[in-house]
Structures are given as structure tokens and as C-alpha cells.
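If you want the building blocks of each chain, they are given just below.
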Amino acid sequence: MAPGPTEIPPQVLSAGGEPILHHRTPEFRAIFADVCEKIKYAFQTTQPVLTLAAGGTGGMEATIVNLSAPDEKIIVISGGVFGERWAKIAEALERKVVRITVEYGKAVKPEEVRKALSENPDAVLLCGTLSETSTGALHPIEEIAAITKATNTLFALDAISGLVACKLKMDEWGVDAVVSGTQKGLMMPPGLALIALSERALTAMKTKKSPKFYWSFESALKKLTEDKLPDTPWTPNVSLVRQLQVSLQLIHAEGIENIWARHELLAHATREAMKALGLTLFAETPSVSVTSVHSPAGINSGDIVKKMRSEWGISIVGGQGTMEGKIFRIGHLGYCDRTDVLMTIAALECVLSGLNVPITLGAGTKAAQEIFLNSK
Ligand SMILES: Cc1ncc(COP(=O)(O)O)c(C=O)c1O
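So, here is what we can say about the structure in this document. Worth saying up front: this structure is predicted, and the values here are computed from it rather than measured.

**A word on the overall build of the protein**
Of regular secondary structure, the protein possesses 14 helices and 12 strands. By the compact-globule yardstick of 21 Å for 376 residues, the protein fits well, its C-alpha radius of gyration being 21 Å. Its C-alpha atoms give the protein principal-axis dimensions of roughly 60 × 55 × 35 Å. Classification of the 376 residues of the protein by burial places 59% in the buried group. A sequence separation of at least 24 residues applies to 72% of the contacts in the protein between residues at least 6 apart. A total of about 15400 Å² of accessible surface is found on the protein, and carbon and sulfur atoms cover 54% of it. Treating the 38 positive side-chain charges of the protein as one cloud and the 40 negative ones as another, the clouds have centres 2 Å apart.

Take a look at the structure:
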């Protein structure tokens, strides 16, 4: 019940134990071809999706390396640890960063994005986050994409904890680069970065004079398309690619709309349970991937997290950075259902009671039960 790495379905786990295929064999390339095609559905795109052997942060760095050059300007929506990560990467790569600073727990206002874009028409990239895992906030991506589309600035989106959980329609909304990782909604171990690129991004990429080698999207794209079956320039993480094939089969079978609805339901039940326990939510516009909650007065959230794990075997997480000790976060994304949510709420009630927080045992569970009973 952490917002990543998340639980892995048994079929996906066991696929990771299969013998390693050599990556240039027809067998592996057929698996990779299937993955390259089926992954587009998760991004709601018809555009190519690149698969890099890297964590999510590697995918973010690769996106900046390929879609901008040193000294170019990048606008970053910084409303949490992961929004700020875009800024840190861009600064490390000697880009000029303009921050739109958003109070933690809040979502950026589309007008602020419009203002930043009009004040910085020379910005080559706007970087944002779909689901800001550190605060639990969901940003208004459809509106931001519509604003950005009318400018010469490309919109790069971190959907690492948002993909296959929060509604995202890359092509329809007009997002230029979507970055994700495998350890969240894709129900996989960590280790693959996935990046989808719009036509605009593919064109811009060709003009960027930015030093790169392993991260080169052009090399990855060439190998993806030059032959009948897609290939990779370097050795791919073959086991993870095979696991992704199985996870994508599950995702296609459930259907993306149903998956979004399941996440909405689990998030709704979790939020109502917290409120019924007298707790306060941290995020003003909460994401469906994770629910962030203020720790009760006088309680360090780290103690709740520790007890959940040691007494109940349930992993939730605390706050990061300035939010450390002050909030706890319950992930409900990926391979997660109503049973997981009910058990987590019931265990949390016991933990809070054990810490002498004045709650009514069962109040949170009841709120969630009612939501589940009233859902279709
Ligand atoms: C929204 C978001 N962005 C970026 C990252 C970083 O991904 P990774 O830890 O795979 O580098 C995470 C991981 O928690 C995340 O949730």
C-alpha cells in the first residue's frame, strides 16, 4: 500500500523467473514488438513509446537531455519533491530554470502556467507532474496541455505514479512527452523507464545539440523502427520487458476506463475513511494513486508507518522533505482492490488507537464499506 513500488500480480512475478532470452533472438524481439504496441494503450497514444533500462528519474533526465540543450530555458511546475526533481535535473544539465512554485498539497492553477508561458516565450520545455506522489496532489494536465499546445513550448509530463491510475489521454490532450516507470500503475518491479513522444517532440528532438549517448532518443527510435521487428540500441532489461508483456495483457483485459474507475473508487473510499476517523487530507485536489493525510496532533507520522509495517505487515509511507513526520501516505494503485483498502483502514484504526489517538474503531472501515456497497 505504498505509492510505489507496488504489489505485483503472481503472473507478472513468475514471468520474471523465466529463463533469460538473448535480446537479438526472434523470440525476444517478438515479445518486445508486442510490448511496444500494447504499451501505447497505457499512454493513450499512437506515437512510439521508448523503453529504457532505467528508473523513472532516468526517464526524466533522458527527456530533458533530448528535448532541450544547455543554456535553453525550461519552466518547471514545482509543487513537491518530484516536480522539484525536474528542476534539479535541468539545473544539473545547465539549463536555465524558471519555477512555477506551488504550495505543497495544492495543484498548479492553469492561469499561472499561462502567465509563465507568456512571460517566457523562449522556454523550450514546460515540465509538470500528473500525480505528485510526495503531496498526493493531482495537477490539471488536460488544461495545461491545451494552454501549452498553443505555444512553441513543449510539454513534458512525469506520469510515473499517474500512468494507468489517473486519467491521462496523451494524444487527445496534446501532451508532448510522457515519462513513466514500471513500479507503480504498471504493477511491475522498478527498472524500466517508458517515454512516449508527440510528433512535435520528435521534430524538436532532431535540432537539439545536447551531449548524449546512452540516453539518445534518436538511437532508440532508429532501432525501434529500422527493421521489421523493433530492437534496442543497447541490451534491454529482458526479464522486465517480458514481465511488462504479461502486465499489459492484464491491463488490456481489464480496460483502461475500468482501471481508472477502480482507482477512483479506491481513492474515494480511502479519503472518506480518513475523514470519518476525524483526520484531515493533505492534498486539496487529491490524486487517485495516493491519499496523503495530516498526522494527528502530537503524532509523528513515522510512528504510524512503522507500526503499520511491524504490527500489521502493511507498507504505507510517511512524508518526504519538509513533510517528513507530518503526513502519511496510503498508495492504492496498480494491483490493488477493495480488500486491500479495507484491511489497510482497519489496521490503521488499530494503530491509531494504539497511539492513543481518539478515534472510533470501525468508523473509517464503515465509511469505506458504505462506499463499496453503494458502488456498482
Ligand atoms: C511522481 C514521481 N516522479 C518521479 C519518481 C522517481 O522515480 P524513480 O524513483 O523510479 O527514479 C517517482 C517515484 O516515486 C514519482 O512518484
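So that's the structure; there's more coming.
**Notes on the packing of helix α12 (residues 301–312) against helix α13 (residues 338–354)**
For any two helices packed against each other, one specifies the crossing angle of their axes together with the interaxial distance. Interhelical geometry of α12 versus α13 gives an angle of 115° and a closest axis separation of 10 Å. One finds that α12 runs roughly perpendicular with respect to α13. Here α12 and α13 pass one another in a crossing that is right-handed. The residues of α13 that touch α12, namely those facing I304, K307, M308, E311 and W312, are T344, A347, L348, C350, V351 and L352. Class assignment of the residues belonging to the contact of α12 with α13 gives a composition of eight nonpolar, one polar and two charged.

**As for the site of the ligand**
Around the ligand sit 14 residues in total, of which G56, T57, T133, D158 and K184 are the nearest. Within the contact set of the ligand, an oxygen atom lies 2.8 Å away from a side-chain nitrogen or oxygen of Q183. K184 has a polar side-chain atom sitting 2.5 Å from an oxygen atom of the ligand. Here the ligand has 390 Å² of accessible area as a free molecule, and 84% of this is covered by the chains. Elements represented by at least two residues in the shell around the ligand include exactly α3 (56–67) and α4 (81–92).

**So, the pairing of strand β7 (residues 154–158)**
Taking burial as the measure, the five residues of β7 include five buried ones, the bulk of the element. Alternating residues of β7 divide into L154, A156 and D158 and F155 and L157, and every residue in both groups is buried. When strand β4 (residues 123–129) meets β7, the two strands line up parallel, connected through five bridges. Paired with L125 across the two strands is L154, which belongs to β7. Summarising the sheet, β7 and strand β8 (residues 177–181) pair through three bridges and their orientation is parallel. In the sheet register, D158 faces β8, and the bridge partner there is V179.

**Some details on the sheet that holds strand β11 (residues 317–318)**
Ordered by their spatial adjacency, three strands build an open sheet running β10-β12-β11, and the pairing between neighbours is antiparallel. Of all the strands in the sheet, the pair left with one neighbour each is β10 (290–294) and β11. Where β10 lies against strand β12 (residues 327–331), five bridges are found, and the strand directions are antiparallel. Bridging across to β12, S292 finds its partner in R329. Sheet strands in contact with helix α11 (residues 256–276) are β10 and β12, and its direction is about 10° off that of β10.

**Remarks on unusual backbone geometry**
P5 follows G4 through a cis peptide bond whose omega is -10°. Among the structural elements, P5 can be located in the segment before α1 (10–15). In this model, D71 sits at a positive phi of 75°, which is unusual for a non-glycine residue. Notably, E94 is not glycine yet its phi reads approximately 65°, a positive angle. Mapped onto the elements, E94 comes out in the loop between α4 and β3 (96–101).

Basis of the calculations
Starting afresh in each chain, residues are numbered from 1 along the sequence in its written order. Where totals are concerned, whole chains, interfaces and linings use all residues; where local detail is concerned, this predicted model gives features only for residues with pLDDT of at least 70, and gives and counts side-chain atom pairs only at 80 or more. Here the side-chain values reflect all heavy atoms present in the structure, with hydrogen atoms and water set aside. The helix and strand labels rest on DSSP assignments: H or I over at least four residues marks a helix, E over at least two residues marks a strand, and numbering proceeds from the N terminus. Here the radius of gyration uses the C-alpha set of atoms, whereas the globule reference equals 2.2 Å times the residue count to the power 0.38. Burial status follows relative accessibility: with a 1.4 Å probe on protein chains alone, a residue under 20% of its type maximum counts as buried, one over 50% as exposed, and anything between as partly exposed. We call two residues in contact when some of their heavy atoms are within 4.5 Å. The method behind every accessible area is Shrake-Rupley, applied with a 1.4 Å probe, and residues are considered shielded solely by the protein chains displayed. As used throughout, the charge tally considers Lys and Arg to be positive and Asp and Glu to be negative, leaving His and the chain termini uncounted. In this description, the location of a charge corresponds to atom NZ of lysine, CZ of arginine, CG of aspartate or CD of glutamate. Lines fitted to C-alpha atoms define the axes, with helix axes restricted to the stretch in contact, and inter-axis angles between N-to-C directions lie between 0 and 180 degrees. Each angle is binned into one of four classes, with values under 35 degrees roughly parallel, values over 145 roughly antiparallel, values of 65 to 115 roughly perpendicular, and all other values oblique. By definition, any crossing whose near helix is turned counterclockwise from its far helix by less than a right angle is left-handed, and any crossing with a clockwise turn is right-handed. Charged means Asp, Glu, Lys or Arg here, nonpolar means Ala, Val, Leu, Ile, Met, Phe, Trp, Tyr, Cys or Pro, and polar covers whatever is left, Gly included. Whether a residue is near a molecule or strand depends on its heavy atoms: it is near if one of them lies within 4 Å of it. Here a polar contact means two N or O atoms within 3.5 Å. Within protein one must be a hydrogen donor candidate and the other an acceptor candidate, and residues neighboring in sequence count only if both atoms are side-chain atoms. Here a strand pair is declared whenever DSSP counts at least two bridges between the two strands.

Purely geometric stuff here, so don't read any function into it on its own.
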